[in-house]
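# An overview of the molecular structure
As a plain string of letters, each chain reads:
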Amino acid sequence: MSVLAAIVKPLAYISLPVFALHTLANANPVARYYVRIGLYLSTLGVCSIWGVICSIGMGLIGRRFDVFYVVARSFYHLASRVVGIRLIVEGEEYLETRPSVLVGNHQSMLDILYLGRIFPRRASIMAKKELQWSPLLGQFMTLAGAVFVDRGNNARAVRSLTAAGEIMKERHSSLWLFPEGTRSMRPYADMLPFKKGAFHTAIQAQVPIVPVICENYWRLYRKGVFESGTLKVKVLPPIPTTGMTSADAGALAIRVHDLMVETLREISAPPPPDAMPKAPESAVTPTPLPSPAPAPAPSQPEPAPAPTDESEKVAEQVRTDSRASTNASEASSTSSPTLSHSRVEGSENGTETEEDDGMVLVGRPSH
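My aim in this report is to walk through the structure given alongside it, one point at a time.

Criteria and cut-off values
Residues numbered from 1 in each chain as written. Predicted model: local features only at pLDDT ≥ 70, side-chain atom pairs only at ≥ 80, totals over all residues. Heavy atoms only, no water. Helix = DSSP H or I, 4+ residues; strand = E, 2+ residues; numbered from the N terminus. Buried < 20%, exposed > 50% of the residue type's maximum accessible area, 1.4 Å probe, protein only. Expected span 1.5 Å × (residues − 1). Axes fitted to C-alpha atoms, helices over the stretch in contact; angles between N-to-C directions. Parallel < 35°, antiparallel > 145°, perpendicular 65-115°, else oblique. Left-handed = near helix turned anticlockwise from the far one by under 90°. Contact = heavy atoms within 4.5 Å. Nonpolar A, V, L, I, M, F, W, Y, C, P; charged D, E, K, R; others polar. Core = buried A, V, L, I, M, F, W, Y, C linked by side-chain atoms within 4.5 Å. Pairing = 2+ DSSP bridges. Phe/Tyr/Trp six-rings, centres within 6.5 Å; stacked < 30°, edge-to-face > 60°.

## Let's talk about the environment of R159
Within the secondary structure, R159 sits in helix α6 (residues 154–171). For R159, a relative accessible area of 54% corresponds to the exposed category. Along the backbone, R159 and V149 are 10 residues apart, and their C-alpha atoms lie at a distance of 9.0 Å.

Here you go:
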């Protein structure tokens, strides 16, 4: 009886607060948001400790580069049940392309959940060097084979990217990056312009790019909202970089960006009618069209005789109206803004920020 009591009592103490939290979450959307956020972050903490244990144990048996895979799957199986979100993956076979550079869209911290579902074997992440010294996380990432990049300036970043490509080929592994450089949470399906770091790395190593797209999940998760549901993830066929040079990185980034945005809109639910962004205003304030000016005087020394016949008056009026219509059309086409591309361009390197851990700022090295 004492053994049974020793088992039942702890379970009773644990089940009571769990039941209370579950009831509270079902009763109120705001409470559900905070309960699920707490559970999600707690799961991250537990899996960080699990990651340190795995990285030590798997390093001893020669499977260091599978640590991220094991920890990612552990997190997904635990967190997906806690928050009630399931993921369906299309094109999962393309994740086995090795070596390769994997690029994904970045919406919020919930992206870790889809990473947990799709992160492949023999893959690691690229992170800024400062994270190497973070408690628990830094040790876990170092032992698991993460590639750290010095973002002190562009010259050092370029050297770090070249070294990352060599490390990737030497390990015959893949590397994961978020090319947007920061989170881009919004109610409609779109992405920020890409930074070029991932594409420089792929070109330097002459390995393919594998795009991964998770659907827009604004309907399930945003500030104040955390609902259950199903999300779609689509992995696109590898895009080769064989024969490309560093000069092709910008064009490659634009090509992959457009392909991923197209896929994102294809797999995402339609946004609310009032969620779409307004059309950008013209940079030049339009001015009212001037009244049609009278026809200039002819260069002849004497003015043309006024029409006397009624039919001649009608013909002259038609010619005047035609000239006025043409002038108005030309002025309208000059003052109206033209949208030549759906992508909103940022700087050469995208939206620059220190917020993201998965991307580096890359441009021309300073001399």
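There is more to say after this.
## Points about helix α2 (residues 29–60)
When the terminal C-alpha atoms of α2 are compared, their 46 Å separation across 32 residues agrees well with the 46 Å that a helix rising 1.5 Å per residue should span. Looking at the residues trailing α2, positive phi occurs at G62, about 80°.

## Observations regarding the packing of α2 against helix α5 (residues 137–144)
At a minimum axis separation of 9 Å, α2 and α5 run at an interaxial angle of 30°. Considering their axes alone, α2 and α5 lie roughly parallel with respect to each other. Viewed along their axes, α2 and α5 form a crossing whose handedness is left-handed. On the side of α2, the interface is formed by G51, V52, S55 and I56, while α5 contributes F140, L143 and A144. For the contact of α2 with α5, a count of residues per class yields 5 nonpolar, 2 polar and no charged.

## Considerations on the packing of α2 against helix α3 (residues 67–83)
Contact geometry for α2 and α3: axes closest at 9 Å, N-to-C directions at 155°. Overall, the two elements α2 and α3 adopt an arrangement that is roughly antiparallel. Of the two elements, α2 crosses α3, and the hand of that crossing is right-handed. Where α2 approaches α3, its residues R36, L39, Y40, T43, L44, C47, W50, G51, C54, S55 and M58 are matched on the opposing element by V67, V70, V71, S74, F75, L78, A79, V82 and V83. Considering only residue class, the contact of α2 with α3 consists of 15 nonpolar, 4 polar and 1 charged.

## Focus on the nonpolar core
One broad rule of soluble globular proteins: the nonpolar side chains tend to lie buried together. Counting residues in each nonpolar core, the largest one holds 46 residues, and the members touching the most others are L113, Y114, I118 and W176. Residue contributions to this core peak at 8 residues, all from α3. When sequence neighbours within four positions are dropped, the list of residues in contact with W176 reads L102, V103, G104, Y114, L115, I118, F119, S124, I125, M126 and V212. In terms of nonpolar packing, the next biggest core, distinct from the first, is built from 31 residues, L175, M191, V207 and M260 among them.

## Quick look at the side chain of S124
Position of S124 among the secondary structure elements: in strand β3 (residues 123–128). Residue classification places S124 among the buried positions, given a relative accessible area of 2%. Not counting residues within four places of it along the chain, the set of residues in contact with S124 comprises F68, F119, G145, A146, V147, R171, S174, L175 and W176.

## A few points about the sheet that holds strand β4 (residues 147–149)
The strand order β1-β9-β6-β2-β5-β3-β4 describes an open sheet built from 7 strands, whose pairing is mixed. Strand pairing shows two members of the sheet lacking a second neighbour, β1 (85–90) and β4, which therefore form its edges. Neighbour-to-neighbour, the strand axes of the sheet open up by a mean angle of 25°, direction not taken into account. Across 3 bridges, strand β2 (residues 101–104) lies against strand β5 (residues 174–177) in parallel orientation. Considered in β5, the bridge of L102 is made with W176.

## Some thoughts on the packing of aromatic side chains
Under the defined criterion, the tally for this structure stands at 9 aromatic pairs. One aromatic cluster is present, built from ring pairs that chain together Y40, F75, Y217, Y221 and F226.

## As for helix α4 (residues 111–118)
The buried fraction of α4 is high, at 7 of 8 residues. When we look at burial in α4, the residues that qualify are D111, L113, Y114, L115, G116, R117 and I118.

## Some remarks on the side chain of S80
Counting through the fold element by element, S80 comes out in helix α3. If sequence neighbours within four positions are ignored, S80 has contacts with F75, I85 and L113.

## Re unusual backbone geometry
Trans is the common state for peptide bonds, and a negative phi is the common state for residues other than glycine. Following R98, the chain continues to P99 via a peptide bond in cis, the omega torsion being -10°. Within the chain, R122 stands out as a residue other than glycine whose phi angle is a positive 50°. Among the structural elements, R122 can be located in the loop between α4 and β3. Positive phi, normally seen in glycine, also occurs at H172, with a value near 55°. Here H172 lies in the loop between α6 and β5.

Distances and angles like these do not, on their own, reveal function.
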